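Results of the structural survey
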Amino acid sequence: MVGNSAVAELRSNRLTLVGAIIVGILGFVAIVGPTVVPYDPTAQDLSNRLQPPSLAHPLGTDQLGRDVTTRLVYGTRVSLGIAIAVTTIRVVIGTIVGLVAGYAGGWVDELFMRLVDIQLAFPGLVLALVVAGILGPSLRNVMIALAIVGWTTYARVVRGSVLSRKKRRYVDAARLFGTPRRRLFKRHLLPGVINPVIVIATLNLGTVVLATAGLSFIGLGAQPPTPEWGTMLAGGREYVRSAWWIVNAPGVAIMLTVLGFNLLGDGLRDILDPKQQARVEEV
Amino acid sequence: MISAEYIAYRIGTSSLVLVCVSVLTFGMMYLTPGDPARAILYHQTGQQPSAEAVTAFREEHGFNEPFPVQYWNWITDIFRGDFGTSFRTNRPVATMIVDAIPATLELAIAAMVVALVVAIPTGVASAVYRGTWIDQASQLFALAGVSMPNFWLGYLLIIVFALHLGLFPVSGTGGLSYLVLPAIALGTGMAAIVTRLVRTSMLDVLDAEYVDTARSKGLTERIVIYKHALRNALIPVITVVGLQFGFVLSGAVVIEIVFQRPGLGMMLVDAIFARDFPVVQGVVLVISVLFIVTNLLVDLSYRVLDPRVELGGENA
């Protein structure tokens, strides 16, 4: 039994390492990549349309003769940028709501948690779809829609953690000694929240990449000629028969990114927050 | 058994959520930047509408009434089965929805079947042969399945099975052959999630005392696994599968576009682009109702199925 769990731990750590490496490479590509690639991501070259992979174009060219590798590299920056922005907004809103609801209790808590229930009563992606659609198709509106949809998980986790900490003696004691509320939050309530939030946020980065690509694929997110993975996939769908690389290059990129964040998130959970159960995927 | 009181309570809260959802659904139109009437007319004609046209449109569609009155008219009409008329096609929205629902439900159910047929054996094998290559392979599958965008998987399937092997049609609706690839594309993500869940649940159960008891009675491992362990392991799985219904519906939107299946999802996306608000509102409301009702049924049936809830009441 001991041997078994040690093996399991080793394997999960190895997978975590793989996840960290994938995420590290993606981050590097997003930051440095665009300065290295030789082509312009939006420059059309109609005489070189639909060229299969070659030395000059390692992943071929697309329907407008643009270099797929270059667009993929720029797309990394777009996807990661949006994922980080959306996740940050979710974390901030969710943490504030969770802290306030858990600490205040009473009707404030009741109000916020009913709000969370209502939010959860919509299938997330459908809500995001409608919000993004009605605000108008653009990457900015996709960000707003995804931020509105996804903060509830954080609010619930943070609230739960605050509720369980609030009851502890040392928090009571601190309150009785007249610790200012700001300090009480910062010193006693927030620390218990940080680890689960880091874990959820890491997994969330992957789901946001997936959702952004999905919405852009439908046409509600990034607009052509922006080099975004979902948009690239949509652009290539007419050509799956003759030019399979246009669709598959961004597909692989999305999958690797999501895989990286999933592996890293699962590993971080084992390390930081072992009690937490695997949660059902949400948008 | 579950008490009538609990059922009444759950139905009550679900209805309340439904009311809020309907207000939100109706109110979404007012999120549109600027004047919705102007936006709709602009979309229909492709040019800036005249002030008279906007006034007439507002008058005709009751936009001048206060919001609560508009909402009340909308929701009471819906209870009479009138979802309004599409701005774009001039057809009754209710008819459009009724026409589109079968294609979507067919896809959603087929995807769930695919997910369960793949996930249950894989998850059980993974737990029973924990730590072996079988376990590792199935966990790898689960990881890949969760990380793969379903619309890309859709195109992969089209490229391989429709274009190269010619086994299935590329797109459209029709017989069962049209359903296979979309159902696999949509079901794989869920299969991955359920595989993980079956594995965890099965491992928990295999460690439980009653399984030890069954083993010590001299029952064969086969009977222990299938009769005692699997049945109990599936209870939490049912809940998650039910709750995944919303996830499947969302996914169906994208998959319908990949495979050009005329269902609710395609209708919703078309309507969003055309600013056809009655259709958007109707479809979102229908999807939310389906989602809320499923969650309610799942919650109630879980309480009926889970023997532990029964035991609590019987003072065992």
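All values derive from a computational prediction rather than experimental measurement.

Some points on the overall build of chain A
Of regular secondary structure, chain A possesses 11 helices and zero strands. Ordered by position from N to C terminus, the α and β elements of chain A give α-α-α-α-α-α-α-α-α-α-α. The proportion of buried residues among the 283 residues of chain A is 53%. Total accessible area on chain A stands at roughly 13000 Å², and carbon and sulfur atoms take up 65% of it. Considering chain A, the positive charge centre built from 27 side chains and the negative charge centre built from 16 side chains are found 10 Å apart.

A short note on empty space enclosed by the protein
All names here are of chain B. Under the definition given, this model contains one cavity of 30 Å³ or more. The calculated volume of the largest cavity comes to roughly 30 Å³. What lines the largest cavity is simply Thr104, Leu249, Ala252, Val253, Glu256, Leu264, Gly265 and Ile287. For the lining of the largest cavity, the secondary structure elements donating two or more residues are α11 (245-258) and α12 (264-274). If you tally residues by element for the lining of the largest cavity, the top one is α11, at four residues.

Overview of the packing of aromatic side chains
Residue and element names in this part refer to chain B. Enumeration according to the criterion identifies 10 aromatic pairs over all chains in this entry. Ring geometry for Phe26 versus Tyr71: centroids 6.0 Å apart, planes at 65 degrees, classification edge-to-face. Taken together, the residues span a long stretch of sequence, with Phe26 in helix α1 (residues 4-27) and Tyr71 in helix α4 (residues 67-79) at a distance of 45 residues. For Phe26, a relative accessible area of 5% puts it in the buried group. A relative accessible area of 14% places Tyr71 in the buried class.

Here's the deal with the interface of chain B and chain A
The interface is formed by 47 residues belonging to chain B together with 42 residues belonging to chain A. Buried area between chain B and chain A, both sides added, is near 4100 Å², and the carbon and sulfur share of it is 78%. One can count one salt bridge joining chain B with chain A. Of the charged contacts, one joins Asp266 of chain A and Arg196 of chain B as a salt bridge, the two residues approaching to 3.1 Å between their closest N and O atoms. Among the elements that take part in the side of chain B that touches chain A, helix α13 (residues 277-305) of chain B stands out by supplying seven residues, more than any other. Here the residues of the side of chain B that touches chain A sort into 35 nonpolar, nine polar and three charged.

Focus on the layout of surface pockets
Residue and element names in this part refer to chain B. A volume near 540 Å³ is recorded for the second largest pocket. The wall of the second largest pocket is formed by 22 residues, among which His61, Gly84, Thr85, Phe87 and Pro278 lie closest to the centre. Counting only elements with at least two residues in the lining of the second largest pocket, the list comes to α3 (51-60), α4 and α13. Broken down by element, the residue count for the lining of the second largest pocket peaks at four residues, all from α4. When grouped by side-chain class, the residues that make up the lining of the second largest pocket number eight nonpolar, 10 polar and four charged.

Topic: the confidence of the model for chain B
All names here are of chain B. Overall, the prediction assigns chain B a mean pLDDT of 84, with 96% of residues at 70 or greater. Here residues 309-316 is a poorly scored stretch, pLDDT under 50, and it has three contacts once near neighbours within four places are set aside; other chains count. The complex model carries a pTM of 0.87, and its ipTM stands at 0.86.

A few points about the environment of Thr45 of chain B
When you line up the elements, Thr45 of chain B lands in helix α2 (residues 36-45). Spatially, the C-alpha atoms of Thr45 of chain B and Tyr30 of chain B are 21 Å apart, while their sequence positions differ by 15 residues.

Considerations on the confidence of the model for chain A
Residues and elements named next belong to chain A. Looking at chain A as a whole, its pLDDT mean stands at 85, while 92% of the residues score no less than 70. Within chain A, helix α2 (residues 68-104) carries the highest mean pLDDT (93), whereas helix α7 (residues 169-176) carries the lowest (77). Contacts for the low-pLDDT stretch residues 277-283, under 50 throughout, to residues beyond four places or in other chains number 20 contacts.

Comments concerning the pattern of salt bridges
This structure, assessed with the given rule, holds nine salt bridges over all chains. One salt bridge connects Arg199 of chain B with Asp135 of chain B, and the closest N-O pair in it is separated by 2.9 Å. Of this pair, Arg199 of chain B sits in helix α8 (residues 177-206) while Asp135 of chain B sits in helix α6 (residues 133-147); the two residues are 64 residues apart in sequence, bridging distant segments of the chain. The pair Arg199 of chain B / Asp135 of chain B is uniform in exposure class, with both members buried. The network of salt bridges with common partners includes Asp62, Arg66 and Arg71 of chain A.

Focus on the nonpolar core
Formed by 143 residues in total, the largest nonpolar core has its most connected members in Leu129, Phe217 and Ile218 of chain A together with Met202 and Leu268 of chain B. Both domains that meet at this core, namely domain 1 (1-88 + 274-316) and domain 2 (106-263) of chain B, each give it at least three residues. If you look at the next biggest cluster of nonpolar residues, it comprises 15 residues, including Val158, Leu189, Val197 and Ala201 of chain A.

As for unusual backbone geometry
Residue and element names in this part refer to chain A. A cis amide bond links Pro224 to the next residue, Pro225, at an omega of 5 degrees. Position of Pro225 among the secondary structure elements: in the loop between α9 (191-218) and α10 (229-236). Within the chain, Leu50 stands out as a residue other than glycine whose phi angle is a positive 50 degrees. In this structure Leu50 comes out as partly exposed when scored by relative accessible area, which is 23%.

Comments concerning the packing of helix α6 (residues 152-166) of chain A against α9 of chain A
Two quantities define a packed helix pair, namely the angle between the helix axes and the distance between the axes. Residue and element names in this part refer to chain A. Taken N-terminus to C-terminus, the directions of α6 and α9 make an angle of 165 degrees; their axes are 9 Å apart at the nearest point. Accordingly, the angle class assigned to the pair α6 and α9 is roughly antiparallel. Here α6 runs over α9; the crossing is right-handed. Each of Thr153, Tyr154, Val157, Val158, Ser161 and Arg165 in α6 lies in contact with α9, whose residues at this interface are Gly192, Val193, Pro196, Val197, Ile200, Ala201 and Asn204. Along the lines of polarity and charge, the residues of the contact of α6 with α9 split into eight nonpolar, four polar and one charged.

Let's talk about a nonpolar patch on the surface
Residues and elements named next belong to chain B. A contiguous nonpolar patch, built from Val19, Val23, Tyr30 and Phe67 and spanning about 310 Å² of accessible area, is present on the exposed surface. Note that Val23 resides in helix α1. A residue is classified by how much of its surface remains accessible, and Val23, at 32% relative accessible area, is partly exposed.

So, helix α10 (residues 221-243) of chain B
Residue and element names in this part refer to chain B. Taking 1.5 Å of rise per residue, 23 residues should cover 33 Å, and α10 covers 32 Å from first to last C-alpha, within 8% of that figure. Largest kink in α10: about 40 degrees, centred on Leu230. Of all the positions in α10, only Val224, Ile225, Ala229, Leu230, Ala233, Ile235, Val237, Thr239, Val240, Val241 and Gly242 are classed as buried.

What counts and what doesn't
Residues numbered from 1 in each chain as written. Chains lettered and ligands numbered in written order. Predicted model: local features only at pLDDT ≥ 70, side-chain atom pairs only at ≥ 80, totals over all residues. Heavy atoms only, no water. Helix = DSSP H or I, 4+ residues; strand = E, 2+ residues; numbered from the N terminus. Buried < 20%, exposed > 50% of the residue type's maximum accessible area, 1.4 Å probe, protein only. Areas by Shrake-Rupley, 256 points an atom, 1.4 Å probe, with all protein chains shown as cover. Lys, Arg positive; Asp, Glu negative; His and termini not counted. Charge placed at Lys NZ, Arg CZ, Asp CG, Glu CD. 1 Å grid on protein atoms, 1.4 Å probe; cavity = no way out; pocket = protein on both sides within 12 Å on 5 of 7 lines; lining within 4 Å. Points joined across faces, edges and corners; volume = space filled by probe spheres on them. Phe/Tyr/Trp six-rings, centres within 6.5 Å; stacked < 30°, edge-to-face > 60°. Contact = heavy atoms within 4.5 Å. Buried area = accessible area lost by both parts, 1.4 Å probe. Salt bridge = Lys/Arg side-chain N within 4 Å of Asp/Glu carboxyl O. Nonpolar A, V, L, I, M, F, W, Y, C, P; charged D, E, K, R; others polar. pLDDT = per-residue confidence, 0-100. Core = buried A, V, L, I, M, F, W, Y, C linked by side-chain atoms within 4.5 Å. Domains from an automatic or database assignment. Axes fitted to C-alpha atoms, helices over the stretch in contact; angles between N-to-C directions. Parallel < 35°, antiparallel > 145°, perpendicular 65-115°, else oblique. Left-handed = near helix turned anticlockwise from the far one by under 90°. Patch = residues over 30% accessible without salt bridge, like charges linked within 9 Å, V, L, I, M, F, W, Y side chains within 5 Å. Expected span 1.5 Å × (residues − 1). Bend = angle between axes of the 7 residues up to and from the residue.

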